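Chains, contacts and geometry: an overview
Chain residues, written in single-letter form:
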Amino acid sequence: MRRTVLGLLAGGAVLLAGCTTAVPGTGVAAAPAATAPAPASPAPPAGAAPEGGPRSALAADVVADECLLDALAFSALLGQPVLPPEQQRVEREDGGVRSACYVGAAGDGTPLAMVNVYAPREGTPADFVRAAPPEGRRDLDGVGEAAVLVDTPPGQVLQLAGPRHVVTVAVLDGAPADDAWRTAAGAALAALPA
């Protein structure tokens, strides 16, 4: 089920964003283990924008490695040990191919979160983040040029504007605290290419 949900996120992560709850302590990376394959990505979720809609306002796969957070940063955000994140290509049922950075749970590799990096086709990243529909979202202050957390059916997603890129961090089955989101967002922004 989680693989299907992450596949849905891969198809429409730009439309999603996340909310939060406190995660005490610091991150601890799990020992490397066999990683699970990238989740299969079905067609975009119901309500996702058709081609030419809001998603097409962003260019996908604009950086070769979207793993802007390491295992320690993901562990701190998620509140549990994780495997090292990996950049993976996912073939969607509609024939499209997308790349994303996936992180899985220590032990069984169950997908827990993913990161995508986009470039706006026009306007600025902050313009794009601020222009998202207001339903189910709230601003996250104190990080980036603009940041929002949006509740979605499969989980929570952070949309973050850097100087040249929009970063999405999708989390399943959890609600990190605002401070945990800010820490992860700061690390992601610092890892973006100039």
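I will try to describe carefully the structure that is included in this document. (Residues numbered from 1 in each chain as written. Predicted model: local features only at pLDDT ≥ 70, side-chain atom pairs only at ≥ 80, totals over all residues. Heavy atoms only, no water.)

What follows is about the environment of L68. With respect to the helices, strands and loops of the structure, L68 is situated in the loop between β1 (58-59) and α2 (71-78). Judged by its relative accessible area of 7%, L68 falls in the buried class. Non-local contacts of L68, meaning those with residues more than four positions away in its chain, are made with V115, V117, V167, A187, A188, A191 and L192. (Helix = DSSP H or I, 4+ residues; strand = E, 2+ residues; numbered from the N terminus. Buried < 20%, exposed > 50% of the residue type's maximum accessible area, 1.4 Å probe, protein only. Contact = heavy atoms within 4.5 Å.)

It is worth spelling out the pattern of salt bridges at this point. Taken as a whole, this structure holds 5 salt bridges when the rule is applied. In this structure, R182 and D179 form a salt bridge, with 3.0 Å as the shortest nitrogen-oxygen distance. Taken together, the residues span about one helical turn, with R182 and D179 both in helix α4 (residues 178-191) at a distance of 3 residues. What makes R182 partly exposed here is its relative accessible area of 23%. The class for D179 is exposed, based on a relative accessible area of 54%. Connected via shared salt-bridge partners are D141, D179 and R182. (Salt bridge = Lys/Arg side-chain N within 4 Å of Asp/Glu carboxyl O.)

Moving on, we get to α2. A large share of α2 lies buried, amounting to 6 of its 8 residues. Considered for burial, the residues of α2 that qualify are A71, A73, F74, S75, L77 and L78. Against β3 (97-104), β4 (111-120), β8 (166-172) and α4 lie the buried residues of α2. Once α2 ends, the next one or two residues include G79, with phi positive near 75°.

Okay, the pairing of strand β6 (residues 146-151) next. The element β6 is largely enclosed, with a buried count of 5 among its 6 residues. Pairing analysis gives 3 bridges linking strand β5 (residues 137-139) to β6, with the strands arranged antiparallel. Paired with R137 across the bridge in β6 is V150. Counting the residues that bridge the hairpin from β5 to β6 gives 6 residues, and of these G142 lies at a positive phi of roughly 85°. Where β6 lies against strand β7 (residues 155-161), 6 bridges are found, and the strand directions are antiparallel. Directly across from V150, in β7, lies its bridge partner V157. The antiparallel hairpin formed by β6 and β7 contains 3 residues in its connecting segment. (Pairing = 2+ DSSP bridges.)

Counting through the fold element by element, H165 comes out in the loop between β7 and β8. You can call H165 buried: its relative accessible area is 5%. Taking the C-alpha atoms as reference, H165 lies 8.8 Å from V62; in sequence the two are 103 residues apart. In contact with H165, not counting residues within four places along its chain, are V62, V63, V117, Y118, P125, L160, L192 and P193.

Worth remembering: the numbers are spatial, not functional.
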